[in-house]
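# Chain and residue survey
Given next are the chains, with one letter for each unit.
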Amino acid sequence: QKEVEQDPGPLSVPEGAIVSLNCTYSNSAFQYFMWYRQYSRKGPELLMYTYSSGNKEDGRFTAQVDKSSKYISLFIRDSQPSDSATYLCAMSPGGYQKVTFGIGTKLQVIP
Amino acid sequence: GAVVSQHPSRVICKSGTSVKIECRSLDFQATTMFWYRQFPKQSLMLMATSNEGSKATYEQGVEKDKFLINHASLTLSTLTVTSAHPEDSSFYICSALTGGGETQYFGPGTRLLVL
């Protein structure tokens, strides 16, 4: 079993839809949870960074962490075509050290 | 935002040769840089943690004598794939941690093809 499971998609949604992206994990030591966005031929860029369980909101993006279920989510409201990218979940026991990534979900927002 | 560059972006080499990949933080000093590898349809996997002025720390299963890492300055880390073989063909990507460890910035990656 992989430490981090993420559906690779692709996921296609119409513009304006709410997008839900999810990851599950098995390592109880993970305390820091991140979401990255990666456009084609570019490196990942950090979207959200949360510590432990709870919600965090930043503009159209909301990250949720449920440590009891070992489940994390990223919600994108009012999705735009420019949101089309691959979204990677990532997590670690301590900050940016020893980060484990999910495989990434490819999202396409259709105008 | 901060910029991390990688060079080259793409390299094709013959089996048995060595390839050097550079990772530079362009507008900040990075005491710590990370090297990742991504095979097709797999996730980014951490290979090693590179600390300026000291030896790199390699993850389990990564051969330190095959993947030589040098972090001689606060803005440059290099990964040398020695005696490359076709199974080393992959996407290699680096990241640099800001001085206070607040965030990490990724380079655009280097695609290596070993024939």
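That block above? That's the structure.
Residues numbered from 1 in each chain as written. Chains lettered and ligands numbered in written order. Predicted model: local features only at pLDDT ≥ 70, side-chain atom pairs only at ≥ 80, totals over all residues. Heavy atoms only, no water.

## A word on the overall build of chain A
Rule in force here: Helix and strand assignments follow DSSP, with helices taken as H or I runs no shorter than four residues and strands as E runs no shorter than two, numbered in order from the N terminus. Taken over C-alpha atoms, the radius of gyration is set against a globule rule of 2.2 Å times the number of residues to the power 0.38. Exposed residues in this analysis have more than 50% of their type's maximum accessible area, buried residues have under 20%, and partly exposed residues fall in between, with area computed by a 1.4 Å probe over protein chains only. Any two residues whose heavy atoms approach within 4.5 Å at even a single point are treated as in contact. Positive charges come from Lys and Arg, negative ones from Asp and Glu, while His and the chain ends are left out of the count. Every charge is mapped to an atom, namely NZ of Lys, CZ of Arg, CG of Asp or CD of Glu.
Secondary structure summary: chain A contains zero helices and eleven strands in total. When the helices and strands of chain A are listed from N to C terminus, the series reads β-β-β-β-β-β-β-β-β-β-β. Its C-alpha atoms give chain A a radius of gyration of 13 Å, near enough to 13 Å, the size a compact globule of 111 residues would have. Taken along its principal axes, the extent of the C-alpha atoms in chain A is 40 × 25 × 20 Å. When the 111 residues of chain A are sorted by exposure, 42% land in the buried category. Of the contacts made within chain A by residues no fewer than 6 positions apart, 55% connect residues no fewer than 24 positions apart. Side-chain charges of chain A comprise 11 positive and 10 negative groups, with the mean position of each set lying 7 Å from the other.

## Side note on the side chain of threonine 49 of chain B
Here threonine 49 of chain B is to be found in strand β5 (residues 45–51). In this structure threonine 49 of chain B touches Gln97 of chain A together with Thr32, Met33, Phe34, Ala56 and Thr57 of chain B, once residues within four positions along its chain are discounted.

## Focus on the pattern of salt bridges
All names here are of chain A. The following threshold applies: Take a side-chain nitrogen of Lys or Arg and a carboxyl oxygen of Asp or Glu: if they are within 4 Å of each other, that pair is a salt bridge.
By the definition in use, this model includes six salt bridges over all chains. For aspartate 83, the salt bridge is made with arginine 60, and the minimal N-O distance between the two is 2.8 Å. Of this pair, aspartate 83 sits in the loop between β8 (71–76) and β9 (85–92) while arginine 60 sits in the loop between β6 (54–58) and β7 (61–66); the two residues are 23 residues apart in sequence, bridging distant segments of the chain. Residue classification places arginine 60 among the partly exposed positions, given a relative accessible area of 26%.

## Structural notes on the state of the cysteines
Note on terminology: disulfide describes a covalent bond linking the sulfur atoms of two cysteines. Our working rule: In this description, a disulfide is simply a cysteine sulfur pair whose atoms lie within 2.5 Å.
Applying the stated rule across the entire model yields two disulfides over all chains. Here cysteine 23 of chain A pairs with cysteine 89 of chain A through a disulfide, and the sulfurs are 2.0 Å apart. Between cysteine 23 of chain A and cysteine 89 of chain A, the S-S dihedral sits near -100 degrees, and the bridge is therefore left-handed. Taken together, the residues span a long stretch of sequence, with cysteine 23 of chain A in strand β3 (residues 19–25) and cysteine 89 of chain A in strand β9 at a distance of 66 residues. With a relative accessible area of 1%, cysteine 23 of chain A lands in the buried category. Overall, the relative accessible area of 0% leaves cysteine 89 of chain A in the buried class. Shown here is the disulfide that connects cysteine 23 of chain B with cysteine 94 of chain B, its sulfur atoms set 2.0 Å apart. In this structure, the disulfide formed by cysteine 23 of chain B and cysteine 94 of chain B twists by about 80 degrees around the S-S bond and is classed as right-handed. With cysteine 23 of chain B in strand β3 (residues 19–25) and cysteine 94 of chain B in strand β9 (residues 90–97), this pair connects stretches of sequence that are 71 residues apart. Per residue, the accessibility class of cysteine 23 of chain B equals that of cysteine 94 of chain B, and both read buried. Lacking any disulfide linkage, cysteine 13 of chain B is separated from the closest cysteine sulfur, that of cysteine 94 of chain B, by 18 Å.

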